[in-house]
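# A closer look at the structure
As a plain string of letters, each chain reads:
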Amino acid sequence: MKSSVAKFALLMGIVSSALAVSGCGKIGLGKGSADRQLEDAANNPDDWVTHGGTYAEQRFSPLSDINTDNIGQLKLAWYYDLDTNRGQESTPLEVGGILYASTAWSKVKAVDAATGKELWTFDPKVPGEWGQRGCCDVVNRGVAYYDGRIYLGTLDGRLIAIDAKNGQQVWSVQTTDRKYPYTITGAPRVVHGKVIIGNGGAELGVRGYVTAYDARDGKKVWRFYTVPGDPAKGPDGEVSDKVLKEKANATWFGKWYKYGGGGTAWDAIVYDQDLNQLYIGVGNGSPWNREIRSEGKGDNLFLSSIVALDPDTGEYKWHYQETPGDTWDFTASQPIMLTTLKVNGQDRKVLLHAPKNGFFYVIDRKTGKLVSAKNFVPTNWASSIDLATGRPVENPDARYKNKPFLVNPSANGAHNWQPMAYSPKTGLVYIPAQEIPAFYENEKGFKFRPNTWNLGANSTKNYLPEDPALIKAIRASLKGELIAWDPVAQREVWRHQYDGPWNGGVLATGGGLVFQGSLKGTLSAFDAKTGRGLWQFPAQTGVMAAPITYRVNGQQYVAVVVGTGGGYGISSPFQDNPGAKPNGRILAFRIGGTAKLPAWTPPPLAPANPPREKFTPQNVAQGKAIYETNCTYCHGAGGRSGGMLPDLRRSAVLPNKQAWDAVVMGGALKDQGMISFSPWYSPAEIEAVRAYIADRATRLAEEEKTAK
């Protein structure tokens, strides 16, 4: 009997060990084939199984069937039409011949990667009114794949597991408190059987955090808050409690917690499989202005920082703060890449980062210590980064405490969310850079309005001028460029200049090519060594997302999701064609492709539609201040729509006060994203906004009359 018990115990031990090794036991304890598929992605370039191509997120593929010699033969293989003209920023995945792409409103499409034939569609049915809570359109930047499932973060804060075969929901968890204006636009990452996701919403007044969920059932594993909460409420009971107490709390002042504090990690989440570390890029403060947020004092950890965590427990390892005491919306949420560089003759495992603030950082991944930093665009808020302290050498006037300051770069960023790429073949990083300066001004009499924009840094100097010549000059000063950057020498190697900013994400390939799109609607290929333009395709709409490449049935493809929109795309008054935009698409190319896009002609613009009422200059001025600090993010500065949302100067609602009130006060169009603004503004203030748009419409009518 004793012998039988012993044999049974031995057998169960063997079975338990086998389960752990095979990955069938508790996720995270054993490493199964699903984990190995992600870890070995670099050795299986036919697929694109994770957001940045591999865990290192270099956006480089060694595939070389498409190369500098035959790029002229690259043609459209297929296209797949999407259902909206709202912004598209997704990096697709390709796994086993199936392409998975998230689209606007957090939908997911699965199509045959060789033909574009639809296999399934998943719609999480995000409420339309949630669109108002998105700072920068209703975009989604991608999904994660793991063990036969697709993982999606939705605009309204859910994390959803989807069966990759049939598109059916497996589980869903609400990652945020829906009382607060949290959003998710970033792609989840999967590490050791845990799905890791952050969130956005700092401009509207939230407190940031990153959470890991069990990939099998959606149960929370750990949560790391990036900024301290209300001291009166005590610890959160989360893994971040210890480091917030030891390092962060003392760097905050005043009553920041009433404004949320910010620190949302809305995009960059990268796993280092060499060191078993997770890096998160932390965003801006809430509100932007440190004078209001933290009594003008303190570094405000962990705003604008890269934070290294243990991926299994969420425990803090190290941090590097790129912009101490951020007051400009200089997020560190931009894509992070990992590599090994030879520095002073020695191999260093480093992290490469080009954040909004305009400096390119090389950071030691083991210690978090700065290796080097150099500005890749002109910067006037800081002259350099002190290598001894790791801190910027600031221009004191740039903090706009007493007077407005024209800051370059601005909140649009020297580099924003658009993915950059690194080629091990050339040793160069390819940065989608831009130069968009803006005025910042300390907002006197700031009043916090929950669930709407709270910057504390608005400046009337940013309002669109009246003079058409001055508007043209401003437009000409805004630059967008693709910069090839040597991260060891910290210098530019070549640059391609675009006519305007907000150019798209980047892909580098073993064929010696770099692919990038533009807001103007072209997808281009460049020689990775020299920057010489080799190929271009007119996409009919903006190309903001990053392309990917994969191989199916021995044929290499390049695919990209296209569609104008996003923060700058939806609100910029400087677009060449301000009219309606076509719906987005997924485009795929191969050598010898034969598909062609159908012709598309923009519909004619509706004429200006000013009301007959007369408004006082005081009404117009009051409405201008409200509109330019609230409505411009969707409807465009000066009332000039970017084309995705209605141009209010031409709206049929504008001349009718009752109809205007029904929409702006009553929320009649909330299902389309236009919520009621009555919680924040009185009927008189809402009428003042109509007065301002009426003034804009009258001026537009005069311009149209003169043009005839």
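Residues numbered from 1 in each chain as written. Predicted model: local features only at pLDDT ≥ 70, side-chain atom pairs only at ≥ 80, totals over all residues. Heavy atoms only, no water.

Take the overall build of the protein chain next. For the protein chain, the count of helices and strands is ten helices and 39 strands. Rg of the C-alpha trace for the protein chain: 25 Å, near the compact-globule value of 27 Å for 708 residues, within the 12% margin. Once the C-alpha set of the protein chain is aligned to its principal axes, its extents read approximately 100 × 65 × 55 Å. Within the protein chain, buried positions represent 61% of all 708 residues. The long-range fraction of contacts in the protein chain, counting pairs at least 24 apart against all pairs at least 6 apart in sequence, stands at 63%. Element-wise, carbon and sulfur atoms account for 52% of the exposed surface of the protein chain, whose accessible area totals about 27000 Å². With 79 positive and 68 negative side-chain charges, the protein chain shows a spacing of 1 Å between the two charge centroids. (Helix = DSSP H or I, 4+ residues; strand = E, 2+ residues; numbered from the N terminus. Rg over C-alpha atoms; globule rule 2.2 N^0.38 Å. Buried < 20%, exposed > 50% of the residue type's maximum accessible area, 1.4 Å probe, protein only. Contact = heavy atoms within 4.5 Å. Areas by Shrake-Rupley, 256 points an atom, 1.4 Å probe, with all protein chains shown as cover. Lys, Arg positive; Asp, Glu negative; His and termini not counted. Charge placed at Lys NZ, Arg CZ, Asp CG, Glu CD.)

Attention shifts here to unusual backbone geometry. Along the chain, Ser286 connects to Pro287 via a cis peptide bond; the corresponding omega equals -5°. Mapping Pro287 onto the fold places it in the loop between strand 18 (285-286) and helix 4 (290-293). The phi dihedral of Asn300 is positive, around 55°, even though this residue is not glycine. The residue Asn300 is located in the loop between helix 4 and strand 19 (305-309) in this model.

Our next topic: the sheet that holds strand 12 (residues 194-197). Read across the sheet, four strands follow the order 11-12-13-14 without closing on themselves; strand pairing throughout is antiparallel. Whereas interior strands pair on both sides, the edge strands pair on one side only; in this sheet they are strand 11 (189-191) and strand 14 (220-225). Adjacent strand axes in the sheet meet at a mean angle of 20° when their direction is disregarded. Where strand 11 meets strand 12, three bridges bridge the pair, whose relative direction is antiparallel. The partner of Arg189 across the bridge, within strand 12, is Ile196. (Pairing = 2+ DSSP bridges. Axes fitted to C-alpha atoms, helices over the stretch in contact; angles between N-to-C directions.)

Taken together, the four strands give an open sheet; going across it, the order is 2-39-38-37, and neighbouring strands pair in antiparallel fashion. Strands with a single pairing partner mark the edges of an open sheet, and in this sheet they are strand 2 (74-81) and strand 37 (548-552). Recorded for the sheet is a direction-independent mean angle of 30° between the axes of neighbouring strands. Bridging between strand 37 and strand 38 (residues 555-562) involves five bridges; their strand directions are antiparallel. Bridge pairing links Thr549 to Val558 in strand 38.

By themselves, these observations are geometric and do not establish any function.
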